Amino acid sequence: MAPGRDELYRHLAMARVQGETGELVPPALLVHGGAGAFSAIERAEQAVDLTDALAEALEAGWQLLGQAGGAPGPAGDALDAVVAAVMSLEDSGRFNAGRGAAPTLDGKVELDASVMDTTGRLGAVAAVRYPANPVRLARLVAERGGLPDGPILLAGKGADAFARANGLERMKRWRLTGIKSADASRQQPGAGSRHGTVGAVAVDRKGRLAAATSTGGRSGQMPGRVGDTPVFGAGVWADRSTVAVSATGTGEVFVVVGFAHRIDWLLREGHDLGVAMDDALAHVVARGGEGGAVVLRADGSFAARFNSRAMARGWRDRSGPVARVLDGGGPS
Ligand code: ASP
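Residues numbered from 1 in each chain as written. Predicted model: local features only at pLDDT ≥ 70, side-chain atom pairs only at ≥ 80, totals over all residues. Heavy atoms only, no water.

## Things to note about the overall build of the chain
Part 1 of the reasoning: When helices and strands are tallied, the chain shows nine helices and 13 strands.
Part 2 of the reasoning: The proportion of buried residues among the 332 residues of the chain is 59%.
Part 3 of the reasoning: Accessible surface, the chain: about 13,100 Å² in total, of which carbon and sulfur atoms supply 51%. (Helix = DSSP H or I, 4+ residues; strand = E, 2+ residues; numbered from the N terminus. Buried < 20%, exposed > 50% of the residue type's maximum accessible area, 1.4 Å probe, protein only. Areas by Shrake-Rupley, 256 points an atom, 1.4 Å probe, with all protein chains shown as cover.)

## Digging into the sheet that holds strand S1 (residues 18–23)
Part 1 of the reasoning: Ordered in space as S1-S11-S10-S9-S8, the five strands form an open sheet in which the pairing is antiparallel. Sheet topology places S1 and strand S8 (236–238) at the edges, where each strand pairs with a single neighbour. In this sheet, neighbouring strand axes are inclined to one another by 5° on average, regardless of whether the strands run parallel or antiparallel.
Part 2 of the reasoning: Sheet topology places S1 next to strand S11 (residues 301–306); six bridges connect them, and they run antiparallel. Note that in S11 the partner of Gly-22 across the bridge is Phe-302.
Part 3 of the reasoning: Here helix H9 (residues 273–286) sits on the sheet in contact with S1, strand S10 (291–296) and S11, set at roughly 25° to S11. (Pairing = 2+ DSSP bridges. Axes fitted to C-alpha atoms, helices over the stretch in contact; angles between N-to-C directions. Contact = heavy atoms within 4.5 Å.)

## Let's talk about the packing of helix H8 (residues 259–268) against H9
Part 1 of the reasoning: Between H8 and H9, the shortest axis-to-axis distance is 9 Å and the interhelical angle comes to 145°. Note on packing geometry: the crossing formed by H8 with H9 is right-handed. Of the residues in H9, those in contact with Phe-259, Arg-262, Ile-263, Leu-266 and Leu-267 of H8 are Leu-273, Ala-276, Met-277, Asp-279, Ala-280, Leu-281, His-283 and Val-284.
Part 2 of the reasoning: Looking at side-chain class alone, the contact of H8 with H9 contains 10 nonpolar, one polar and two charged residues. (Left-handed = near helix turned anticlockwise from the far one by under 90°. Nonpolar A, V, L, I, M, F, W, Y, C, P; charged D, E, K, R; others polar.)

## Thoughts on the confidence of the model for the chain
Part 1 of the reasoning: Per-residue confidence for the chain gives a mean pLDDT of 87, with 86% of residues at or over 70.
Part 2 of the reasoning: Scored below 50 in pLDDT, residues 70–74 shows six contacts in the model against residues more than four places distant or in partner chains. (pLDDT = per-residue confidence, 0-100.)

## Looking at the packing of aromatic side chains
Each aromatic ring pair is specified by the distance between its two centres and by the angle formed by the two planes.
Part 1 of the reasoning: Counted by the stated rule, this structure contains two aromatic pairs.
Part 2 of the reasoning: Taking 5.0 Å as the distance between ring centres and 40° as the angle between the ring planes, the aromatic pair formed by Phe-302 and Trp-315 counts as tilted. Taken together, the positions of Phe-302 in strand S11 and Trp-315 in strand S12 (residues 310–317) put the pair 13 residues apart, joining distant regions of the chain.
Part 3 of the reasoning: Exposure remark for Trp-315: the relative accessible area of 9% places this residue in the buried category. (Phe/Tyr/Trp six-rings, centres within 6.5 Å; stacked < 30°, edge-to-face > 60°.)

## Overview of the nonpolar core
Part 1 of the reasoning: Ranked by internal contacts, the top residues of the largest apolar core, which has 48 residues, are Leu-29, Val-31, Phe-95, Val-115 and Leu-137.
Part 2 of the reasoning: By size, the runner-up hydrophobic cluster in this structure holds 46 residues, among which are Ala-28, Leu-122, Ala-238 and Ala-304. (Core = buried A, V, L, I, M, F, W, Y, C linked by side-chain atoms within 4.5 Å.)

## Thoughts on helix H1 (residues 5–15)
Part 1 of the reasoning: Among all positions in H1, only Leu-8, His-11, Leu-12 and Ala-15 are buried. For H1, the buried positions fall inside an angular range of 100° around the axis, keeping them on one side. Set apart from the buried face of H1 by more than 90 degrees, the exposed residues are Asp-6, Arg-10, Ala-13 and Met-14.
Part 2 of the reasoning: Turning to H1, the residues buried within the fold contact H9.
Part 3 of the reasoning: Two residues or fewer past H1, Arg-16 is found with a positive phi of approximately 55°. (Arc of directions from axis to C-beta.)

## Some points on the side chain of Arg-316
Part 1 of the reasoning: Along the chain, the position of Arg-316 falls in strand S12.
Part 2 of the reasoning: Sequence-distant contacts of Arg-316, defined by excluding residues within four places in its chain, comprise Pro-27, Ala-28, Leu-29, Leu-58, Glu-59, Trp-62 and Pro-321.

## Examining helix H4 (residues 134–144)
Part 1 of the reasoning: The buried count for H4 comes to eight of 11 residues, which makes it a mostly enclosed element.
Part 2 of the reasoning: Taken as a whole, H4 has its buried residues at Pro-134, Val-135, Leu-137, Ala-138, Arg-139, Leu-140, Val-141 and Ala-142.
Part 3 of the reasoning: Following H4 by one or two positions, Gly-146 adopts a phi angle in the positive range, close to 120°.

## Notes on the pairing of strand S2 (residues 28–36)
Part 1 of the reasoning: In terms of residue burial, S2 counts as a mostly covered element, since nine of its nine residues are buried.
Part 2 of the reasoning: Alignment of S2 against strand S6 (residues 198–203), held across five bridges, turns out to be antiparallel. Bridging across to S6, Val-31 finds its partner in Ala-200.
Part 3 of the reasoning: Bridge count for S2 against S12 is six bridges, and the pairing is antiparallel. Looking across to S12, one finds that Leu-30 is bridged to Trp-315.

## A word on the sheet that holds strand S7 (residues 209–215)
Part 1 of the reasoning: The mixed open sheet is built from eight strands, whose spatial order is S5-S4-S3-S7-S6-S2-S12-S13. Each of the sheet's edge strands pairs with one partner strand only, and the pair in question is strand S5 (153–155) and strand S13 (320–324). Each adjacent strand pair in this sheet contributes to an overall mean axis angle of 10°, direction not counted.
Part 2 of the reasoning: The pairing of S6 with S7 spans six bridges and is classified as antiparallel. Within the sheet, the bridge partner assigned to Val-201 lies in S7 and is Ala-211.
Part 3 of the reasoning: Against the sheet, helix H3 (residues 78–92) contacts S2, strand S3 (111–117), S6 and S7, and its axis sits at roughly 155° relative to S6.
Part 4 of the reasoning: With respect to the sheet, H4 is in contact with S3, strand S4 (122–128), S5 and S7, its orientation differing from that of S4 by roughly 135°.

In structure tokens form, the structure reads like this:
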């Protein structure tokens, strides 16, 4: 049975939601490098490493978004900016996405990614092994498919064949994060607690919103398991009148609660962004999940909030980049 309002807010109060809400001046973008836990020993060193990677990704997106004039074509397009930012995070090898992806239970790597913008472009891939940059493949699906006839989501071998046929660069070298592949066989399905999904949301000079998310799933996941990342309305979303969302966390729960759709719906009901975000997180917590998201509206208002121990996150507008991993006292 769905939890009642009182129950939800009890969960939320226990969940210790952290992070930020604020205002940016469009054009602007936010990135995240996943929600998760950092052990006391790892924290400081890892946080510095991750904030560097976030800053690089913000710069990659800003290069496109910040172009003077916002002329038609690639320059100034929100979708190009989120794809560039996510590719940078995939290439960094520091997150559970692209080159850094965590292995499945049988030691293989399977990747999911998605893109969506407010001009009607949307595409996703699930359980792919071929491309170096799954987010580029998702973008390619968006170019070839779309609504109403699709495809909008390609999975497994068909998606890999599509990547190969279109000359996408092949993944050559994994840098396995978290557990080593030999250890993966000893994990229980879904036992991995390390997160590190990556994502970005952006608004460009024309007020177009876009979102992109990319992940290796959960470390030690069952082969074939797919979470929320390639599911529109769960791990990725962009709608002109509401919000762009890129989420990270326990994917099964984010799918079941319709995480991004829930934020969208609450904004349509007139709630403000922080309330919408915390309500959606309360539903995640009530179903036993944890995680967070970066969300952005066309007017530049944003939230980067999470109920896990930490979430790598950052944002950029013309006043410069901010990148954080821990709450409060952490590096910024
Ligand atoms: N949401 C991702 C998944 O369930 C994992 C994560 O964000 O950590 O596949």
